[in-house]
Each structure stands twice: as structure tokens, then as C-alpha cells.
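# Examination of the molecular architecture
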Amino acid sequence: MSLLEINGIKKSFGDHQVLKDISIHVDEGEIVSIIGRSGSGKTTILRCATMLETIDDGSIVYMGETAVKAENGVLTYASSADRKRINGYFGLVFQNFNLFPHRSVMENITDAPIKVWKRNKDEVYAEARALLKRMDLADKENAYPCQLSGGQCQRVAIARALALNPKVLFFDEPTSALDPELTAEVLRVIKGLAELHITMVIVTHEMNFARNISDRVIFMDEGRIALEGTPAEVFDSGNARLTEFLGNYSD
Amino acid sequence: MSIQTMLMQLLGGFGQTVIIFLLTLVISLPLGMLVYFGRASRLKPVSALVKVYISIMRGTPLMLQLLLWYFGPFYLWGANIGGYKFTAIIIGCSVNYAAYFAEIYRSGIESIPKGQYEAAQLLGYSKAQTFIHIILPQVIKIVMPSVTNEVITLVKDTSLVYSVSYVEMLAVAKQISAAQTTIFPLVAAGVFYYIFNVIVAFLMERIEKRLNYYH
Ligand SMILES: Nc1ncnc2c1ncn2[C@@H]1O[C@H](COP(=O)(O)OP(=O)(O)OP(=O)(O)O)[C@@H](O)[C@H]1O
Ligand SMILES: [Mg+2]
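Quick look at the structure, then.

The rules behind these values
- Residues numbered from 1 in each chain as written.
- Chains lettered and ligands numbered in written order.
- Predicted model: local features only at pLDDT ≥ 70, side-chain atom pairs only at ≥ 80, totals over all residues.
- Heavy atoms only, no water.
- 1 Å grid on protein atoms, 1.4 Å probe; cavity = no way out; pocket = protein on both sides within 12 Å on 5 of 7 lines; lining within 4 Å.
- Points joined across faces, edges and corners; volume = space filled by probe spheres on them.
- Helix = DSSP H or I, 4+ residues; strand = E, 2+ residues; numbered from the N terminus.
- Nonpolar A, V, L, I, M, F, W, Y, C, P; charged D, E, K, R; others polar.
- Patch = residues over 30% accessible without salt bridge, like charges linked within 9 Å, V, L, I, M, F, W, Y side chains within 5 Å.
- Areas by Shrake-Rupley, 256 points an atom, 1.4 Å probe, with all protein chains shown as cover.
- Salt bridge = Lys/Arg side-chain N within 4 Å of Asp/Glu carboxyl O.
- Axes fitted to C-alpha atoms, helices over the stretch in contact; angles between N-to-C directions.
- Parallel < 35°, antiparallel > 145°, perpendicular 65-115°, else oblique.
- Left-handed = near helix turned anticlockwise from the far one by under 90°.
- Buried < 20%, exposed > 50% of the residue type's maximum accessible area, 1.4 Å probe, protein only.
- Contact = heavy atoms within 4.5 Å.
- Near = heavy atom within 4 Å.
- Polar contact = N/O pair within 3.5 Å; in protein donor to acceptor, adjacent residues only side chain to side chain.
- Phe/Tyr/Trp six-rings, centres within 6.5 Å; stacked < 30°, edge-to-face > 60°.
- Lys NZ or Arg CZ within 6 Å of the ring centre and 35° of its normal.
- Pairing = 2+ DSSP bridges.
- Expected span 1.5 Å × (residues − 1).

Here we come to the layout of surface pockets. Over the atoms rolls a probe the size of a water molecule, and in doing so it shows where empty space is left. By volume, the largest pocket amounts to about 860 Å³. Taken together, 23 residues make up the lining of the largest pocket; nearest its centre are B:Gln121, B:Tyr125, B:Ser126, B:Lys127 and B:Thr130. Sorting the residues of the lining of the largest pocket by element identifies α2 (80-87) of chain A together with α1 (3-39), α5 (114-123) and α6 (127-157) of chain B as the ones contributing at least two each. For the lining of the largest pocket, the leading source of residues is α6(B), giving 5 residues. Its boundaries defined by the atoms lining it, the second largest pocket holds a volume of some 310 Å³. As for the second largest pocket, its lining consists of 17 residues, of which B:Leu29, B:Tyr105, B:Met144, B:Val147 and B:Met204 are closest to the centre. Where the lining of the second largest pocket is concerned, the elements lending two or more residues are α1, α6 and α8 (184-210) of chain B. Class assignment of the residues belonging to the lining of the second largest pocket gives a composition of 17 nonpolar, no polar and no charged.

This is the structure in C-alpha cells:
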């Protein structure tokens, strides 16, 4: 059983089909990178997998539990109690962080575990402090997001997602809103998570990073998976579309 | 009549002004949120009806609305006109200001980025929790300057109840002024309104400052 199974999902916006029959299975501890040109549907995959977007066809299954299933546009969701539990299996780190501006760093991280998931306050705070330390933000717990750099905000967002102990963490271009130095610090943090064997699905434009960190790379092209395999298999495939993509890239 | 007596009488009228002001605020601030929910409702007839209500409230003079609330029950059902003047005034003012507040809340709520809702959903917040813990606190900060404007307008608008011969400060001032043939009570009433507004503005500014811990 895979941790996550995306089975044959399709998604259209109006008459533009953005995802054309996408299947991705992710096993526990795996790190999967998704690459591809702008508009190829990478973000849409993550949004469908995290239920921010509905699907037209296919199914999304976490830990063997079907979160949502669609047949010809008719959606069937898990019951609301199941959905809440399934919702706890995944976390998402957004390109633009989406921290809560009116809440301190500490509150951003601890509010959901305490208020939504009703966990013990002292325990949550202790875990949050450990997470902040791991993120090199130990001295920022009382700061507000507006007082932090983009890289610091992104690290808080990662800590906030990790505080719920998700089974899989999705990243949507976590560094593309950042300067090069800030990018490096965020990538370093994600690498640190890889060493802890946290399951991750990462949409990224950082090709070297994808090559180094991933167990598997998926190359998206016009709503389809064009290539999938180990970094070496994909990057050294000589595939024409990939070569073109990587070529545009180095310009 | 001594200046002291005049001031005492004015102060009595001022008390009425303050009561109308406070009651209207206490009712219309939350009522405005309810009106916003109606306007944002997915039930088309509800949102259409609320839109018409808001447009009428904002498109006709408050003084005329007060006259209708006051004389309406009398002409329509022969209600005892002496009995409900104060109620009519409070309803008229509250229902009018709620429409303005609803529009202010709407612009504030619509300015919150979609990502805030999505982040909350990912963290497991329910719709109600998202609104109360994530959206509302940010909206309050955003709408504060517009709410302050309305509140200051309300201080002055309380004098409109004069049109249904309710005895508040302006009515008292005009009475004394006519009886004593002196302009002094009117000037004094102006000073009272002004001081009241300065205090209100000061309090609102304090609240705005407290909300300035982030931007
Ligand atoms: N809500 C939406 N409504 C209409 N079209 C949309 C919507 N979201 C995405 N699209 C379209 O779907 C296509 C795929 O978008 P998506 O954001 O998944 O691409 P992407 O691979 O993440 O691109 P990028 O690298 O630029 O982030 C694009 O053509 C986009 O315009
Ligand atoms: Mg994208």
C-alpha cells in the first residue's frame, strides 16, 4: 500500500484540460520532485491532492483511505469525520507562505494543533520550540511575519506544516519567491527534512536540488507525465521535450 | 436664565444624544455583520433582497427614514404615536447604520487573500473557525479607519432625531435660544458635539494603534 495514490485524475478549467489522466504513487519515506514548464499543471496536481481543487475524474487515496473519487465529474468524498482525519495526513507549503499576519511565529505554528486538533498545549509548545530550533528560528518565536525575511517566513511555514505531523508534505515552488541566498537557506532546511525520512512531494524549478534530493523525478508536459524515474534516468534520458525544457532553463 | 441653568439643561439633552449614539452603535455594529452575511448568501433571493435594502438605506436621507419609522405605524395601524418614539429612533438609526457597516465589512472581508482561507483549510480549521480565528481579526484591523469615519458621522447624525421632535441636545439648545433670544446655547451645543467627537476620535485612534502590532 502506498502512502498516497493519485489514480488517473483529470482536471479541466472551462474547456482547457490541465491534467490529462495523471497517476502518481508515493511510498512512505520517498521524496518525489515534480518539474516541468510553466502551465504544465504542477501546481494543479498539488491542489487536487490537497483537496483545494476538485477533480473531474479519478481518485485520491491516502493510506488506503479514499479521500475523494470522481466519475464523469460526479464527486464522492469520504465522510466528514474521515475527511478530517485524512486531512491530517498531508501538509502543504505554499510558494507565498500564507502565514497568518496577525499571529506571532509561535501562534502560527501552535494555533491549529491546539485549537483544531485539541492537543495538549505544553506538549505542542515544546514541539514547536524544537521545530523552530531545527529551522534556525529559535530567537523568532515572538516575531510577527511582517518582521521576517521571505526565507524566514518560508521556514516558519514549513514548521507550521510539520507541527501537525503530516505523513506527507507537499511543497509548491517553496523558493521561487526568494532571493538566491534565501533560497539556499530554505533548500538546506528541506534537505535536513530528507535526512529525517519525511515523505515529500516537491514542485521545484531548482534542477540541481531536484537531482540531488529526489528518489524519483516526474517531468510534466502539457498536463501529462512525460517522464518518470530516478533523477539519473530522467535527467540523462535525452528526451527531446526535457532537453528543450532544461535548455530554456539555463538561459 | 443663568448660564449655569442653560448648561445644565443642555447637558440633560446631551445625555439623550449619548444614549442614542451608544445604543445605535451597539446594535448596528453586529447587525451590520448579519447584513453582510445576508448579502454574501448563496441563496439568490436573500442576497438580492439584502442588496435592495442596503441600496435604499444608503440612497435615501436618514431623516426621511426616521420620519417613516415614526409616522408609519401611526398612519398604517393607528399605533399610539406617543408610545414608541424612542424605539422608532433606535430602530431607524441602527438599521440605517447597519447597512453602511455591512458594506464596510464586505470590502474588508473581500480584501483578505484567498491563500489565508486555503492555509486554514490545510491546517484543518472548519469554515467557522477560519472566519473567527483567521479572517475576522484581520478584517477588524482593515475596516477600523472606515468604521471610525462612520462613528464620527453618527455623533452628528444623532441630531437628526430632532425631526421627530425627540428632545436631545440640539432641540434643547434651539428651545432655549428662541426663549431667551440668545445664540449662546447653540454655540454651546456645537462645543459639546465637538468635544464628544474629539473623545470618540481619540478612543478609536487608541484602538487602531493597538491593532498596529503588525502590518
Ligand atoms: N483556477 C484556475 N482557473 C483557470 N485556469 C487555471 C486555474 N488554475 C490554473 N489554471 C490553468 O491551468 C494551467 C496549469 O496551471 P498550473 O498552475 O498547474 O501550472 P504550473 O505547472 O504550476 O505552472 P508554474 O510553473 O507557472 O507554476 C495553466 O494554464 C493555468 O492558466
Ligand atoms: Mg505552479
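Read on, since the account is not over.
Glancing now at a nonpolar patch on the surface. Taken together, the side chains of B:Ile183, B:Leu186, B:Val187, B:Val191, B:Tyr194, B:Ile195, B:Val198, B:Ile199, B:Phe202 and B:Leu203 make up a nonpolar region of the molecular surface, amounting to roughly 960 Å² of accessible area. Examined against the element boundaries, B:Ile199 turns out to sit in helix α8.

Quick look at the packing of α1(B) against helix α4 (residues 85-110) of chain B now. All names here are of chain B. It is the contact of α1 with α4, at a shortest axis distance of 6 Å, that shows an interaxial angle of 45°. With respect to their mutual orientation, α1 and α4 come out oblique. α1 and α4 meet at a crossing whose hand is right-handed. Residues of the contact of α1 with α4, tallied by class, amount to 21 nonpolar, 4 polar and 3 charged.

Let us now look at the environment of A:Cys153. Residues and elements named next belong to chain A. Among the structural elements, Cys153 can be located in helix α5 (residues 150-162). A residue is classified by how much of its surface remains accessible, and Cys153, at 8% relative accessible area, is buried. Residues Cys153 and Arg119 lie 34 residues apart in sequence; the distance between their C-alpha atoms is 24 Å. Once residues within four sequence positions are removed from consideration, Cys153 is found in contact with Phe97, Leu99, Pro145 and Leu148.

It is worth spelling out empty space enclosed by the protein at this point. Counted by the stated rule, this structure contains 1 cavity of 30 Å³ or more. Roughly 110 Å³ of volume is contained in the largest cavity. Lining of the largest cavity is provided by 14 residues; of these, A:Leu92, A:Arg160, A:Ala161, B:Leu122 and B:Leu123 occupy positions nearest its centre. With 4 residues, the top contributor of residues to the lining of the largest cavity is strand β7 (residues 90-93) of chain A. The residue makeup of the lining of the largest cavity, split by class, is 12 nonpolar, 1 polar and 1 charged.

So, about the site of ligand 1. Residues and elements named next belong to chain A. The environment of ligand 1 is formed by 13 residues, the closest being Ser38, Gly39, Lys42, Thr43 and Thr44. At 2.8 Å, a backbone N or O of Gly39 approaches an oxygen atom of ligand 1. Within the side chain of Glu173, a nitrogen or oxygen atom sits 3.3 Å from an oxygen atom of ligand 1. Relative to its unbound accessible surface of 640 Å², ligand 1 loses 61% to contact with the protein. If you list the elements that add at least two residues to the shell around ligand 1, you get β2 (16-26) and α1 (42-49).

Here the focus is the packing of aromatic side chains. Here the distance between the centres and the angle between the planes together describe a pair of aromatic rings. One pass over the full model with this rule turns up 19 aromatic pairs over all chains. What links up through ring pairs into an aromatic cluster is the set B:Tyr70, B:Phe71, B:Phe74, B:Tyr75 and B:Tyr84. Stacked on the ring of A:Tyr77, the Lys or Arg A:Arg83 has its end atom at 4.3 Å from the ring centre. The ring of A:Trp117 carries A:Lys84 above its face, with NZ or CZ at 5.0 Å from the centroid.

Further remarks concern the sheet that holds strand β11 (residues 224-229) of chain A. Residue and element names in this part refer to chain A. Pairing is mixed in the open sheet, where 6 strands are placed in the order β7-β8-β9-β3-β10-β11. Taken across any chain shown, the strands that pair with only one partner, and hence form the sheet edges, are β7 and β11. If you compare each strand with its neighbour and ignore which way they point, the axes differ by 20° on average. With 5 bridges connecting them, strand β8 (residues 168-172) and strand β9 (residues 199-203) associate as parallel partners. If you follow Phe171 over to β9, its bridge partner there is Ile202.

Residue and element names in this part refer to chain B. Taking 1.5 Å as the rise per residue, helix α7 (residues 169-180) with 12 residues should run 16 Å; its terminal C-alpha atoms sit 16 Å apart, in good agreement. Here α7 has its buried residues at Met169, Ala171, Val172, Ala173, Ile176 and Ser177. On the buried face of α7, the contacting elements are α1 and α8. N-capping of α7 is provided by Glu168, with a side-chain oxygen placed 3.1 Å from the backbone N of Leu170. Of the residues one or two after α7, Thr181 is the one with positive phi, at around 45°.

Function cannot be read off these values alone, since they describe shape.
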